[in-house]
Amino acid sequence: MADAVTPTAYERNRARYAAILFALAVGGFAIGTSEFAMMGLMPSLVQDLGITEPQVGHLISAYALGVVVGAPLLAILGARLPRRSLLLALMGFYALANLATAFAPDYHVMLGFRFIAGLPHGAYFGVAMLVAASIGGPAQRGAAISRVMLGLSIAILVGNPLATCMGQALSWRYVFALVAAVAVLTVALVARSLADDPAEPRQTPLREMRAFNTSQVWLTLLIGAVGFAGMFCAFSYLAPTLTEVTGTGDSWIPIAMGVFGVGSIIGNLAGGWLVDRLQFRAAPVILAWSALVLLTYPFAAHSLWTMLPAVVAVGTMGALAPVLQTRLMDVAGEAQTLAAASNHAAFNAANALGPWLGGLAISAGLGWTSTGHVGAATAVGGLLVYAWARWDERRMTVALARS
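Everything numeric here is computed off the predicted structure, so don't read it as measured data.

## Quick notes on the nonpolar core
Move 1: In terms of nonpolar packing, the biggest core is built from 111 residues, with Leu24, Leu87, Met110, Tyr124 and Leu238 touching the most fellow members.
Move 2: Top element by residues in this core is helix 2 (residues 14-40). It accounts for twelve residues.
Move 3: In contact with Tyr124, other than residues within four places in its own chain, are Ala23, Leu24, Gly27, Gly28, Ile31, Leu87, Leu90, Met91 and Thr186.
Move 4: With seven residues, the next largest nonpolar core counts Val217, Leu221, Ala225 and Ala332 among its residues.

## Things to note about the packing of aromatic side chains
Move 1: Counted by the stated rule, this structure contains eight aromatic pairs.
Move 2: Summarising the aromatic geometry, the rings of Trp172 and Phe176 are spaced 6.2 Å apart at their centres and angled 75 degrees between planes, so their arrangement reads as edge-to-face. Here Trp172 pairs with Phe176, and both are found in helix 9 (residues 172-193), just four residues apart, close to one helical turn. For the pair Trp172 and Phe176, a shared accessibility class is recorded, and that class is buried.
Move 3: Where Tyr237 meets Trp368, the ring centres are 6.2 Å apart and the plane angle is 40 degrees; that geometry is what we call tilted. With Tyr237 in the loop between helix 12 (229-236) and helix 13 (238-246) and Trp368 in the loop between helix 18 (336-363) and helix 19 (370-402), this pair connects stretches of sequence that are 131 residues apart.
Move 4: Overall, Tyr237 belongs to the buried group, its relative accessible area being 3%.
Move 5: Grouping aromatic residues by their ring pairs yields a cluster made of Phe228, Phe232 and Phe347.

## Focus on the pattern of salt bridges
Move 1: Evaluated as defined, the whole model comprises three salt bridges.
Move 2: Linking Arg390 and Glu393 is a salt bridge whose minimum nitrogen-to-oxygen distance equals 2.5 Å. Within this pair, Arg390 and its partner Glu393 are both found in helix 19, separated by three residues, close to a single helical turn.
Move 3: With a relative accessible area of 19%, Arg390 lands in the buried category.
Move 4: Since its relative accessible area comes to 23%, Glu393 is described here as partly exposed.
Move 5: Three or more residues are tied together by salt bridges with common partners; here these are Arg327, Arg390 and Glu393.

Definitions and limits used
- Residues numbered from 1 in each chain as written.
- Predicted model: local features only at pLDDT ≥ 70, side-chain atom pairs only at ≥ 80, totals over all residues.
- Heavy atoms only, no water.
- Core = buried A, V, L, I, M, F, W, Y, C linked by side-chain atoms within 4.5 Å.
- Buried < 20%, exposed > 50% of the residue type's maximum accessible area, 1.4 Å probe, protein only.
- Helix = DSSP H or I, 4+ residues; strand = E, 2+ residues; numbered from the N terminus.
- Contact = heavy atoms within 4.5 Å.
- Phe/Tyr/Trp six-rings, centres within 6.5 Å; stacked < 30°, edge-to-face > 60°.
- Salt bridge = Lys/Arg side-chain N within 4 Å of Asp/Glu carboxyl O.

In structure tokens:
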């Protein structure tokens, strides 16, 4: 929940508010570049490490698994820390882990470093969202959250095409060294712009865990883990789909990554707008849109001029993130930090699930475009979980009224 004292901070000092959001968004840029760079670097990694495309998918999944493990664990361990201190520690750790990735000597060592790099991801975003929501006030939660997430979207628009070009021209190793440098910059910006708040609510790990264990929290997280998998399923295999199905050269991969980033920015801003107006009811709208987009994706993949708009549309599926983040703030009670961090664990469970399901379909001989059909099925699965969550909410309301 938003801190009671902080909405006035927005009115009192908008410049400082903007500086804090910018600092947090730079961290999102570092994380987004590192997380999604693997997709564009897939050909470079295959050639340099002597591995297959599905093995690169395993590197993606290892990072996602690190987020799933690290988000709740680090949120619980850091529950007593001031949010500023926790943000600085998490981003410092992220810088070191990505620097280690840059020097990984082989595939198996890199697999371990990608898991380690994923550990602070969810906790950083979770704490960053709480800071953004608290300084913006209740009426601007969706907008504030979407502005922090904008760093992630800009990473997809600018960071990932840059990473792909850097991987093609130099080496994939320079990409992760660059991410480490941006993470260090984030540490400096957060230290400069964000002050400790003595009125900030503090929780104990035990109280957070107790408040976290409610059906509405778990169902919201399940919507993200299932419903968001489709975007990762299609995007993870975008590079080989372009070269093998669309028939483009490698030079089009960075452009497609940038086009996806355009869609991500549109989706992020639309998600913030929708959640401030529809609240949780925005989720089924976005999930239905996602299913439609992914069903048309296999047909669009055969021509570059239909593929590029389709990639924009896939990027807009990111609108689900601010919707679920805000929902968790409403239902998590005293487990705000743990729930906010776990939202990114859920999305990275989707990041692990999507490439894995897509890899199964491709390995079964269904072709690169089968990722669209698999992804549409997960979006429908997310809709079913949403219906379950609504049913459970009504059931609890009736039970409360009778008691």
